[in-house]
Amino acid sequence: MAFEGLLEDPVVQKYLHELVGPKGMPVAAAPPDGEVTDEELAERLDLELNDVRRALFILYENDLATYRRVRDEDSGWLTYLWTFHYENVPANLREEMERLREALEERREYERDNEFYLCEVDSIRFEFDEAMDFGFECPECGSPLEAMGNDDMVESIDERLEALETELGIV
Amino acid sequence: MSAEAEDLSEDEARALELVREQGKIYQSEFWKALDVSSRKGSRIAKKLEEKGYVEREDAVHAGNTTYLITPIIKDEELDFSLLMAGDMLSPFVGEEEVDARGDAFSQWIMNLVYEDPVIPEEEAGAPPEE
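Residues numbered from 1 in each chain as written. Chains lettered and ligands numbered in written order. Predicted model: local features only at pLDDT ≥ 70, side-chain atom pairs only at ≥ 80, totals over all residues. Heavy atoms only, no water.

Chemist: How do you make sense of the overall build of chain A when you look at a structure like this?
Modeler: Looking only at helices and strands, chain A has 7 helices and 6 strands in total. In sequence order, the secondary structure elements of chain A are arranged as α-α-β-α-α-β-β-α-β-β-α-β-α. Its C-alpha atoms give chain A a radius of gyration of 24 Å, more than 25% over the compact-globule value 16 Å for 171 residues. Principal-axis analysis of the C-alpha atoms gives chain A an extent of 75 × 40 × 25 Å. In chain A, which comprises 171 residues, the proportion classed as buried is 39%. When contacts within chain A are restricted to residue pairs at least 6 apart in sequence, those whose partners lie at least 24 apart make up 53%. As presented, chain A carries roughly 9900 Å² of accessible surface, and 43% of it is formed by carbon and sulfur atoms. With 16 positive and 46 negative side-chain charges, chain A shows a separation of 7 Å between the mean positions of the two kinds. (Helix = DSSP H or I, 4+ residues; strand = E, 2+ residues; numbered from the N terminus. Rg over C-alpha atoms; globule rule 2.2 N^0.38 Å. Buried < 20%, exposed > 50% of the residue type's maximum accessible area, 1.4 Å probe, protein only. Contact = heavy atoms within 4.5 Å. Areas by Shrake-Rupley, 256 points an atom, 1.4 Å probe, with all protein chains shown as cover. Lys, Arg positive; Asp, Glu negative; His and termini not counted. Charge placed at Lys NZ, Arg CZ, Asp CG, Glu CD.)

Here's what the structure looks like:
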């Protein structure tokens, strides 16, 4: 198996799982050294060929695997030889960190610019305008909507943003 | 980024930490902050550049020709756990669009809030420090 050190990172495991799903995880979690065919993988991992192919194409779409096609001289069939490229995982995760940073910034602005009201029964949050339209009563259950502070959220967002910016070298 | 590279001398490691903390720094400030001679500072900066940890570009600062030093952050050294809130991965992984107001992100942020609750010292029963 290749990329063992990388695969020890629980975040990398989560990331791959998120991409390929539980059925594709045996494929994603055990990248072989060198080239491999989808059939070999299916047999080795005791999986349906379709599940193996689905996982491989997801990895391909995320720059984590490539293939080359070879025609079998006897049968005339095309064989796909796959290579895993997990050396691209760190760059992909960096991009995810950048996307997360942008989302946190946008969300912080939204949280700061709005007042929120909560139905404590249904745990639904409303913006001020919405709450006013409903006469400060929950449209689901009719109980009164209570003003809700979001300082905790803004503070947590701030902290994580700062950590991400330091890590990504954005000052 | 926490893992320090083994190919750095003590001075170089200290210098790299400075550059990373500052985000960018002029070489004319760099050696002063490190409390070394300008010649030594220049040597350290050059080494860091050669080893791929920083970039240097020509700059003019306070009337002097110098370099602006900026860190190069290697992808594999990043702390990927910043994508996690509790045991939840960033909800944007595998998604085309980023929905900053979506429910999945709300849940991620709430995980963040509860992950590290701020307990006032009195409530936590810790004696106040004087």
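That was the structure; now back to the text.
Chemist: It is not clear to me how the UniProt feature "domain: HTH TFE/IIEalpha-type" (unreviewed entry) in chain A should be interpreted in this structure. Could you clarify?
Modeler: UniProt's entry tags residues 8-90 of chain A with the feature "domain: HTH TFE/IIEalpha-type" (unreviewed entry), counted in the numbering of this structure. Annotation note: span residues 8-90 of chain A, helix share 52%, strand share 19%, distance between end C-alpha atoms 13 Å. (UniProt positions renumbered as here; feature names shortened; annotations may be inferred.)

Chemist: Please clarify how helix α1 (residues 10-22) of chain B should be interpreted in this entry.
Modeler: Residue pairs three or four apart in sequence face the same way in an α-helix, which turns once every 3.6 residues. Residue and element names in this part refer to chain B. Taking 1.5 Å as the rise per residue, α1 with 13 residues should run 18 Å; its terminal C-alpha atoms sit 19 Å apart, in good agreement. The complete set of buried residues in α1 reads Glu 12, Ala 15, Leu 16, Leu 18, Val 19 and Arg 20. Check the buried side of α1 and you find it contacts β1 (25-26), α2 (27-34), α3 (38-50), β2 (54-61) and β3 (64-71). (Expected span 1.5 Å × (residues − 1).)

Chemist: When you look at the confidence of the model for chain B in this model, what are you seeing that I'm missing?
Modeler: Atom-level detail of predicted coordinates should not be read off regions where pLDDT is low. Per-chain confidence: chain B averages 86 in pLDDT, with 85% of residues scoring 70 or above. Taken together, the chains of this predicted complex give a pTM of 0.79 and an interface ipTM of 0.89. (pLDDT = per-residue confidence, 0-100.)

Chemist: What exactly am I supposed to notice about the pairing of strand β2 (residues 65-71) of chain A here?
Modeler: For a regular strand, the rule is simple: side chains alternate between the two faces of the sheet. Inspection of the sheet shows β2 of chain A paired to strand β3 (residues 78-84) of chain A by 7 bridges, in the antiparallel sense. In the sheet register, Val 70 of chain A faces β3 of chain A, and the bridge partner there is Thr 79 of chain A. (Pairing = 2+ DSSP bridges.)

Chemist: It is not clear to me how the packing of helix α3 (residues 38-45) of chain A against helix α4 (residues 49-61) of chain A should be interpreted in this structure. Could you clarify?
Modeler: When two helices pack together, you describe them by how their axes are tilted relative to each other and by the distance separating the axes. Residue and element names in this part refer to chain A. Look at α3 against α4: their axes get within 9 Å of each other, and the N-to-C directions meet at 120°. Here α3 lies oblique to α4, going by the angle between them. As α3 packs across α4, the resulting crossing turns out to be right-handed. Where α3 approaches α4, its residues Asp 38, Glu 39, Leu 41 and Ala 42 are matched on the opposing element by Leu 49, Val 52, Arg 53 and Leu 56. Taken together, the residues of the contact of α3 with α4 break down into 5 nonpolar, no polar and 3 charged. (Axes fitted to C-alpha atoms, helices over the stretch in contact; angles between N-to-C directions. Parallel < 35°, antiparallel > 145°, perpendicular 65-115°, else oblique. Left-handed = near helix turned anticlockwise from the far one by under 90°. Nonpolar A, V, L, I, M, F, W, Y, C, P; charged D, E, K, R; others polar.)

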